[in-house]
Amino acid sequence: MTAPTHDPLTLSLSVNGETHEVRVPARKLLSDVLREDLALTGTHVGCEHGVCGACTILIDGRPARACLTFAAQMEGHEVTTVEAMGRPDALSALQQALHEEHGLQCGFCTPGIVVTFEHYLRENPDPTAEEVRDVLSGNLCRCTGYQNIVAAVLKAAARMRGEAA
């Protein structure tokens, strides 16, 4: 019987529109590759069980949990992290609204919330507060009461529709 090999794999990953070659163990999680190998530390690791939402990224434009995904599964797919969503000098409408509505405090959960709602608002430009709360239930936050986050998402949606918020 041959012992299993634990040799690293060389992967070609497309992250935020750039191709990266990384050499990693086959079972290394995407969250760890993003943070440790690509220095994209906006993807936070909280529960490591896919429950808290802090590690939410987009895979081919759809939300996914980076802590539940092996990096080796990502060859041929486009990964988008929070780093691709606005810049310090040009916040997205959602990031600006979160700032204005005090929808963040410590910031640990914020990247996952931003990724979740940047995607959600593209597909659902006119959500109700109840719909926002339902989507937000996949992102845990220990600092806020969630109300300011809901207000920020609704404000961002209005702005994205071209309405005064």
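Read on for a plain summary of the structure.

About the thresholds
- Residues numbered from 1 in each chain as written.
- Predicted model: local features only at pLDDT ≥ 70, side-chain atom pairs only at ≥ 80, totals over all residues.
- Heavy atoms only, no water.
- Phe/Tyr/Trp six-rings, centres within 6.5 Å; stacked < 30°, edge-to-face > 60°.
- Helix = DSSP H or I, 4+ residues; strand = E, 2+ residues; numbered from the N terminus.
- Contact = heavy atoms within 4.5 Å.
- Axes fitted to C-alpha atoms, helices over the stretch in contact; angles between N-to-C directions.
- Parallel < 35°, antiparallel > 145°, perpendicular 65-115°, else oblique.
- Left-handed = near helix turned anticlockwise from the far one by under 90°.
- Nonpolar A, V, L, I, M, F, W, Y, C, P; charged D, E, K, R; others polar.

1. Looking at the packing of aromatic side chains
Move 1: The final tally for this structure, using the stated rule, is one aromatic pair.
Move 2: A centroid spacing of 5.9 Å and a plane angle of 80° characterise the contact between F117 and Y120, whose relative ring orientation is edge-to-face. One end of the pair, F117, and the other, Y120, are both in helix α3 (residues 110-123), three residues apart, so they sit about a helical turn from each other.

2. Regarding the environment of H77
Move 1: Mapped onto the elements of the fold, H77 is located in the loop between β4 (62-65) and β5 (78-80).
Move 2: If we ignore the near neighbours within four places in the chain, the residues touching H77 are S14, I59 and D60.

3. Considerations on the packing of helix α4 (residues 129-136) against helix α5 (residues 147-160)
Move 1: It is at 10 Å that the axes of α4 and α5 come closest, and there the two elements cross at 120°. Comparing their axes, α5 and α4 come out oblique. Seen along the crossing, α4 lies across α5 with a hand that is right-handed. Across the interface between the two elements, A129, V132, R133 and L136 from α4 touch Q147, I149, V150, V153 and L154 from α5.
Move 2: Residues belonging to the contact of α4 with α5 are distributed by class as follows: seven nonpolar, one polar and one charged.

4. Remarks on the packing of helix α2 (residues 93-100) against α5
Packed helices, taken two at a time, are described by the angle their axes make and the gap between the axes.
Move 1: Following both chains from N to C, one finds α2 and α5 inclined at 140°, their axes separated by 8 Å at the closest point. Taken together, the axis directions place α2 and α5 in an arrangement best described as oblique. The handedness of the crossing between α2 and α5 is right-handed. Every residue of α5 that contacts α2 at A93, L94, Q96, A97, L98 and E100 is listed here: I149, A152, V153, K155, A156, R159 and M160.

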